[in-house]
Amino acid sequence: MHLNDLIFIDSLPKLDLHGYDRETARVAIIDFVNDNLKMKQKFIIVVHGVGSGILKITTHETLRRCKKVIDYKTFYYNNGCTAVELDI
């Protein structure tokens, strides 16, 4: 299964960044990725919302720098969240 095959995301672990600033969001994303690597979760969801796009940009920049992230994409059915595939 790959990131493009995801349709139902309700059962996947989620991090909701609503109300976070850039730096707090960056730290929360790194901690969330590390926690899910320990739990051997292959797919996770980061909810950043649509808004002005600041949290979306911060999310994608943080995931791009993370070595254990294989791929990430804005979820097809909801532009307010990003689906992430981890290298477990």
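Scoring rules and cut-offs
- Residue numbers restart at each chain and count upward from 1, following the sequence in its written direction.
- Reporting in this predicted model follows two pLDDT cut-offs: at least 70 for local features of residues, and 80 or more for side-chain atom pairs to be given and counted; totals over whole chains, interfaces and linings ignore these cut-offs and use all residues.
- The basis for every side-chain value is the complete set of heavy atoms in the structure, and neither hydrogens nor water enter the calculation.
- Only protein chains enter the accessibility calculation, which uses a 1.4 Å probe; a residue whose area is less than 20% of its type maximum is buried, one above 50% is exposed, and one in between is partly exposed.
- Working definition: helices are DSSP H or I runs of at least four residues, strands are E runs of at least two. Numbering for both runs from the N terminus.
- Only strands joined by at least two bridges in the DSSP assignment are considered to pair.
- Each axis is a line fitted through C-alpha atoms, taken for helices only over the stretch in contact, and angles between the N-to-C directions span 0 to 180 degrees.
- Whether two residues touch is decided by their heavy atoms; if any such pair falls within 4.5 Å, the residues are in contact.

**Focus: the pairing of strand β4 (residues 81-86)**
Step number 1: Within β4, six of the six residues are buried, which leaves it mostly tucked inside the rest of the structure.
Step number 2: Taking every second residue as pointing to the same face, both faces of β4 are buried, with Cys 81, Ala 83 and Glu 85 on one and Thr 82, Val 84 and Leu 86 on the other.
Step number 3: Strand direction decides the pairing type here: strand β2 (residues 43-47) and β4, joined by five bridges, are antiparallel. Bridge pairing in β4 links Ile 45 to Ala 83.
Step number 4: In the sheet, strand β3 (residues 69-74) pairs with β4 via five bridges, with the strands oriented antiparallel. Each bridged residue has a counterpart across the sheet, and for Thr 74 the counterpart in β4 is Thr 82.
Step number 5: In this structure, the hairpin formed by β3 and β4 is closed by a connection of six residues.

**Section: the sheet that holds β2**
Step number 1: Taken in spatial order, the four strands make up an open sheet running β1-β2-β4-β3, and their pairing is mixed. Of all strands in the sheet, those with a lone pairing partner are β1 (14-16) and β3, marking the two edges. Averaged over all adjacent pairs, the angle separating strand axes in this sheet is 20°, with direction ignored.
Step number 2: Across three bridges, β1 lies against β2 in parallel orientation. Looking across to β2, one finds that Leu 15 is bridged to Val 46.
Step number 3: On the sheet, helix α1 (residues 22-38) packs against β1, β2 and β4 and is oriented at approximately 160° with respect to β2.

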